[in-house]
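# Understanding the architecture of this molecule
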Amino acid sequence: MLSSLSQVVDMHFFAFLRATGVTLQLTAVSLALAVVIGLVFAFLKLSRNPIANLLANAYIGIVRGTPLIVLLMFLYFGISSIVVLTSFWAGSFALAIHAGAYVAEIFRGTIQSIDHGQHEAARSLGMSRRLSMRLIILPQAFRRAIPPLGNQFIIGLKDSSLVAFLGVSEIYSTAMTAAAANFRPFETYLVAGLYYLVLVLIFTALVNRLELKLTPDRRAAA
Amino acid sequence: MNVIETRNLHKHFGDLHVLKGIDLTVAEGEVVVIIGPSGSGKSTLLRCLNFLEFPDEGSEVLLDGEPIDPASNNLDKVRERMGMVFQHFYLFPHKNVLNNITIAPENVKGMPRAKAKEVARDLLGKVGLPDKEKAWPSQLSGGQKQRVAIARALAMDPEIMLFDEVTSALDPELVVEVLQVIQDLASGGMTMVMVTHEMGFAREVADRVIMMDDGMIIEEGEPAAFFANPTEERTKTFLGQVLHA
């Protein structure tokens, strides 16, 4: 089995390498968009405006209440009926809309978790609501958001495999094609799994380093 | 000249009537200490002075003789002129000590970084922490945190300081160092209103002691007379409880 595994690795090495690039691009684009979407909807949800709340709740409720594959297909066919997009971009947008809902809840939670006294202290120094949010609340909320965001990003990386069904040649779709050609599905999907595993491990290490970098006070206290 | 004046100040939280018509004046350079049982409205009164809480409609708060109207005044500008120190410090944990002090002068007043640092270092010297500018709040004791919080408020060069039970969360042995800083400020002529349970401090440093109960000022006077001969029964009871505790 080991030899057949190494055969599979050899045979599809460049295909998987290219596919890894595509998976990383899908992940990077969709998560960058998800952070922007998440931040906007977190603020809508925290807003005192009931219409903004309604909008945020509807978005988060719908996305969380439907399976990603359904959302993916729905948005893919929905988006492509309006504008012509490559399957890569359609997939990225769909993944972003999906992850954005979870990111919104992460940001809302961490912003709300900052002691109200921090805001009052900032206001008592003459800071406006906006300045207090920018200088005092958000930096603390972002730091607290890193562990759950890292978690969400790992999920996002793995969720990108579903875009295979839109015909994007990322890792999972490459594995499907390869398995159909080499008649060794077991080894092929094992290789695909290993690719994801290595990516996730590297990513986890990066998140841990980022967290340490953004919390100089905790480093000093340790 | 009165730095702060309130006229018929009322405050409701829902159905709860917390302040029931407070008339308070604080003259320039005066040290006013507010005492009273918990729930009497002391902290709420303090927080109404800088509009962290909004007084009810019809209440008047005047700063330097000018009425503050939340609808037309920029309250950020009003708060700039009043320093506040809280029971639980609320230092900014993501900023080191120096930047806790410089952040407001730099971003609110637009003070240049170099000047803000100079101001901060000078204040850290005054509160006895000249060697702590690079420390993080999480590395400080409660007393040190509170002294940084005082320096942070002073960095905005306020006309009046509001102290809200600033020693209540401290271990007993750390209370003195904070009270010493406040006493130095008072000797330097700072106008201040202080809510506290430190009766010894009130007796020594206050120009005037105010007793609050049930949302009203029930008695006030200069400290020697106030503590020696309180006239109100509720004051006597309260003093009896806190002084023999």
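Residues numbered from 1 in each chain as written. Chains lettered and ligands numbered in written order. Predicted model: local features only at pLDDT ≥ 70, side-chain atom pairs only at ≥ 80, totals over all residues. Heavy atoms only, no water.

Before going further, it helps to examine the nonpolar core. Residues and elements named next belong to chain B. If you look at the biggest cluster of nonpolar residues, it comprises 50 residues, and the most contacted ones within it are Ile 35, Ile 101, Ile 150, Met 161, Phe 163, Ile 182 and Met 192. Per element, the largest residue contribution to this core is 8 residues, and it comes from helix 6 (residues 172-187). Sequence-distant contacts of Ile 35, defined by excluding residues within four places in its chain, comprise Lys 42, Thr 196, Met 199, Val 209, Ile 210, Met 211, Met 212, Phe 226, Phe 238 and Leu 239. If you look at the next biggest cluster of nonpolar residues, it comprises 47 residues, including Ile 34, Leu 46, Cys 48 and Phe 51. (Core = buried A, V, L, I, M, F, W, Y, C linked by side-chain atoms within 4.5 Å. Buried < 20%, exposed > 50% of the residue type's maximum accessible area, 1.4 Å probe, protein only. Helix = DSSP H or I, 4+ residues; strand = E, 2+ residues; numbered from the N terminus. Contact = heavy atoms within 4.5 Å.)

Turning our eyes to something else, we now look at the environment of B:Leu46. In this structure, B:Leu46 sits in helix 1 (residues 42-49). In this structure the C-alpha to C-alpha distance between B:Leu46 and B:Met84, which are 38 residues apart in sequence, comes to 9.1 Å.

Turning our eyes to something else, we now look at the interface of chain A and chain B. Opposite the 22 residues of chain A that make contact, chain B presents 25 residues. Counting each side, the surface lost to burial between chain A and chain B is near 2,000 Å², with a carbon and sulfur contribution of 63%. Its largest share of buried area at the contact with chain B, chain A owes to A:Glu120, A:Ser124 and A:Leu125, together 29% of the area lost on that side. At the junction of chain A and chain B, the tally comes to 2 salt bridges. Put simply, A:Glu120 and B:Arg47 hold a salt bridge, and the shortest N to O gap is 2.6 Å. Our enumeration of links across chain A and chain B arrives at 4 residue pairs in polar contact (both at pLDDT 80 or more). Counting only elements with at least two residues in the side of chain A that touches chain B, the list comes to helix 6 (116-124), helix 7 (129-159) and helix 10 (216-221) of chain A. Broken down by element, the residue count for the side of chain A that touches chain B peaks at 7 residues, all from helix 6 of chain A. (Buried area = accessible area lost by both parts, 1.4 Å probe. Salt bridge = Lys/Arg side-chain N within 4 Å of Asp/Glu carboxyl O. Polar contact = N/O pair within 3.5 Å; in protein donor to acceptor, adjacent residues only side chain to side chain.)

Here the focus is the confidence of the model for chain A. Per-residue confidence for chain A averages 91 on the pLDDT scale, and 97% of its residues sit at or above 70. Looking at the elements of chain A, mean pLDDT is at its lowest for helix 10 of chain A, recorded as 68, and at its highest for helix 6 of chain A, recorded as 97. (pLDDT = per-residue confidence, 0-100.)

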